[in-house]
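Fold and geometry: a report
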Amino acid sequence: LRRYIERYRDVQDAADVAMPSFVGNSYDATHMIALAIRKAGGTEGPKLHGALENLGTYDGLIKKYGPPFTPERHEALSPSDYMMCAWRGPRLELIA
């Protein structure tokens, strides 16, 4: 968040981040794919697929994924990872 605020000066706190879920999920997905490419030694489909299924634990922005993917599970997030939010004026706020 600190680096995001430094880059986007109109953002003062986490509530000012436009599309926060998209930003966080995209950040984690990009890093997991980069790690898998390194692990696979390239972007060849089957090798990359195997590397994603064997990443191990990844301590991401959204959560600590342990592991994000397995041969049996190709979804890094589960229903417990989602929260209900609502727009209140210009801000997206968590519904408690």
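Before reading further, recall that the structure is shown in the block above.
Overview of the structure.

In terms of regular secondary structure, the protein chain is built from three helices and four strands. Secondary structure of the protein chain in N-to-C order comes out as α-α-α-β-β-β-β. Computed over C-alpha atoms, the radius of gyration of the protein chain comes to 16 Å, more than 25% over the 12 Å expected from 2.2 N^0.38 for 96 residues, which places it beyond the range of a compact globule. With the C-alpha coordinates of the protein chain rotated into their principal frame, the extents come out at 45 × 30 × 20 Å. For the protein chain, the residues scored as buried account for 20% of the 96 residues in total. Total accessible area on the protein chain stands at roughly 7200 Å², and carbon and sulfur atoms take up 58% of it.

Pairing of strand S3 (residues 85-88) with strand S4 (residues 91-94), which is carried by four bridges, proceeds in the antiparallel orientation. By the bridge assignment, Arg88 is partnered in S4 with Arg91. Following S3, the chain reverses through two residues before pairing antiparallel with S4; Gly89 in that reversal takes a positive phi of roughly 65 degrees.

Here we take up the side chain of Glu53. Mapped onto the elements, Glu53 comes out in helix H3 (residues 45-53). Within the buried set, Glu53 has no salt-bridge partner at all; the shortest N-O distance to an opposite charge, 10 Å, is to Arg73. A polar side-chain atom of Glu53 sits 2.6 Å from a polar atom in the side chain of His74.

This part covers the packing of helix H2 (residues 20-40) against H3. H3 packs onto H2 with a crossing angle of 115 degrees between their chain directions and a minimal axis gap of 8 Å. Crossing of H2 over H3 shows right-handed handedness. For the pair H2 and H3, contact is made by Met32, Ile33, Ala36, Ile37, Lys39 and Ala40 and by Lys47, Leu48, Ala51 and Leu52, respectively. Of the residues belonging to the contact of H2 with H3, the class tally is eight nonpolar, no polar and two charged.

Grouped together as the largest cluster of nonpolar side chains are eleven residues: Met32, Ala36, Ala40, Leu48, Ala51, Leu55, Tyr58, Tyr65, Phe69, Ala76 and Leu77. Of all the elements in the fold, those that place two or more residues in this core are H2 and H3. Looking at which element gives the most residues to this core, the answer is H2, with three residues. For Leu48, the contacting residues outside a window of four places in its chain are Ile33, Ala36, Ile37, Ala40, Gly42 and Thr43.

Its 21 residues place the ends of H2 30 Å apart at the C-alpha level, agreeing with the 30 Å of an ideal helix rising 1.5 Å per residue. Turning to H2, its buried residues are Gly24, Asp28, Met32, Ala36 and Ala40. For H2, the buried positions fall inside an angular range of 125 degrees around the axis, keeping them on one side. Of the residues in H2, the exposed ones pointing more than 90 degrees away from the buried face are Phe22, Thr30 and Arg38. Residues of H2 that are buried sit in contact with H3, strand S1 (58-59) and strand S2 (64-65). Directly beyond the C-terminal end of H2, a positive phi value near 75 degrees is found at Gly41.

Conventions and cut-offs
Residues numbered from 1 in each chain as written. Predicted model: local features only at pLDDT ≥ 70, side-chain atom pairs only at ≥ 80, totals over all residues. Heavy atoms only, no water. Helix = DSSP H or I, 4+ residues; strand = E, 2+ residues; numbered from the N terminus. Rg over C-alpha atoms; globule rule 2.2 N^0.38 Å. Buried < 20%, exposed > 50% of the residue type's maximum accessible area, 1.4 Å probe, protein only. Areas by Shrake-Rupley, 256 points an atom, 1.4 Å probe, with all protein chains shown as cover. Pairing = 2+ DSSP bridges. Lys, Arg positive; Asp, Glu negative; His and termini not counted. Salt bridge = Lys/Arg side-chain N within 4 Å of Asp/Glu carboxyl O. Polar contact = N/O pair within 3.5 Å; in protein donor to acceptor, adjacent residues only side chain to side chain. Axes fitted to C-alpha atoms, helices over the stretch in contact; angles between N-to-C directions. Left-handed = near helix turned anticlockwise from the far one by under 90°. Contact = heavy atoms within 4.5 Å. Nonpolar A, V, L, I, M, F, W, Y, C, P; charged D, E, K, R; others polar. Core = buried A, V, L, I, M, F, W, Y, C linked by side-chain atoms within 4.5 Å. Expected span 1.5 Å × (residues − 1). Arc of directions from axis to C-beta.

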